[in-house]
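Summary of structural features
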Amino acid sequence: MSTPAVERIPSDMHTVTPHLICADAVSAIDFYVKAFGATDAGKMLAPNGKLIHGMIRIGDSAIMLGEETPEWGALGPLTLKGSPVTLHLYVQDADAAFQRAVDAGATAVMPPADMFWGDRYGMVKDPYGHSWSLAHHVRDMSLEEMQAGAVAAESCNKPGA
């Protein structure tokens, strides 16, 4: 009797899936459910209650989570004092998503505004140190229009401008 073939990339997963490390990862899952409307897709807990592995889904995307474990080199952004990574979240209403995240305990980094590339875009930082951009698309733009908008935006940000 033969064993059925296993999908190398499961059909419900994307090729690239973020894996976040958080101090108090179980609470982080609860925060993401409240702040971003995530669904808890499962948790494996150690006997001490710490998260060995967890997963949430936001829209059609999965995000894996694990507990900060220094002895394994798994450190979260609070321990590292920052992260160069931002998770970009497309939503139906960036203003409402921004407010929901702030109401849930995120820190406002940049309130939503219309951007030169055609999105309404804002940023928050979650209580676990991860940065999230929240956006919805408002206008299709050509590469030339975006480039002109970027140049105009840059000239407005120069000292003395």
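Residue indices begin from 1 for each chain and proceed along its sequence in written order. Given that the model is predicted, a residue must reach a pLDDT of at least 70 before its local features are reported, and side-chain atom pairs must reach 80 or more before they are shown or counted; all residues, however, enter totals for whole chains, interfaces and linings. In computing side-chain values, all of the structure's heavy atoms are included and hydrogens and water are not.

1. A word on the sheet that holds strand E3 (residues 51–58)
Strand order across the open sheet formed by 4 strands is E1-E4-E3-E2, with mixed pairing between neighbours. With partners counted over all chains shown, the strands left at the sheet margins are strand E1 (19–22) and strand E2 (39–45), one partner each. Averaged over all pairs of adjacent strands, the angle between strand axes in this sheet comes to 20°, irrespective of strand direction. Paired strands, in this sense, are two strands between which DSSP finds at least two bridges. We count a stretch as a helix when DSSP gives it H or I for four or more residues in a row; a strand needs E for two or more, and each element gets its number in order from the N terminus. Across 5 bridges, the pairing between E3 and strand E4 (residues 61–67) is antiparallel. Paired with Arg 57 across the bridge in E4 is Ala 62. Where helices are involved, their axes are fitted lines through C-alpha atoms of the stretch in contact, as for all axes, and angles between N-to-C directions lie from 0 to 180°.

2. Regarding the packing of aromatic side chains
Stacked, tilted and edge-to-face pairs are distinguished by plane angle, under 30 degrees for stacked and over 60 for edge-to-face with tilted covering the rest, among Phe, Tyr and Trp rings (Trp via its six-membered ring) whose centres lie within 6.5 Å. Under the defined criterion, the tally for this structure stands at 9 aromatic pairs. Seen from their ring centres, Phe 31 and Phe 36 are 6.1 Å apart, and the 85° between their planes marks the pair as edge-to-face. Classification of residues uses two cut-offs on accessible area relative to the type maximum, computed with a 1.4 Å probe and protein chains only: under 20% is buried, over 50% is exposed, and between them is partly exposed. Owing to a relative accessible area of 11%, Phe 36 belongs among the buried residues under this scheme. On the numbers, 4.3 Å between centres and 35° between planes, the contact of Phe 36 with Trp 132 is tilted. Placement of Phe 36 in helix H1 (residues 25–36) and of Trp 132 in strand E8 (residues 131–137) is noted, with a sequence separation of 96 residues between them. You can call Trp 132 buried: its relative accessible area is 1%.

3. Examining the pairing of strand E7 (residues 119–125)
Each regular strand carries side chains that alternate between the two faces of the sheet. Of all 7 residues in E7, 5 are buried, a share of seventy percent or more. Pairing geometry for strand E6 (residues 107–114) and E7, over 5 bridges, is antiparallel. Bridge pairing links Met 110 to Met 123 in E7. Counting the residues that bridge the hairpin from E6 to E7 gives 4 residues, and of these Gly 118 lies at a positive phi of roughly 105°. Sheet topology places E7 next to E8; 7 bridges connect them, and they run antiparallel. Its bridge partner lying in E8, Val 124 is registered against Trp 132.

4. As for the environment of Ser 83
As for its placement among the helices and strands, Ser 83 is situated in the loop between helix H2 (77–80) and strand E5 (86–90). Given the relative accessible area of 35%, Ser 83 is considered partly exposed. Between the alpha carbons of Ser 83 and Gly 129 there is a distance of 7.7 Å; along the sequence they are 46 residues apart. Within the structure, Ser 83 has its side chain in polar contact with the backbone nitrogen of Val 85 (distance 3.1 Å). We call two N or O atoms a polar contact when they sit within 3.5 Å, provided that within protein one can donate a hydrogen and the other can accept it, with sequence-adjacent residues counted only if both atoms are side-chain atoms.

5. Focus: unusual backbone geometry
Look at Asp 24: it is not a glycine, yet its phi comes out positive at around 65°. Within the secondary structure layout, Asp 24 lies in the loop between E1 and H1. Here Asp 24 falls in the partly exposed class, since its relative accessible area comes to 40%. At Lys 81, a residue that is not glycine, the phi angle is positive and equals roughly 65°. In this structure, Lys 81 sits in the loop between H2 and E5. Lys 81 sits in the exposed class, given a relative accessible area of 77%.

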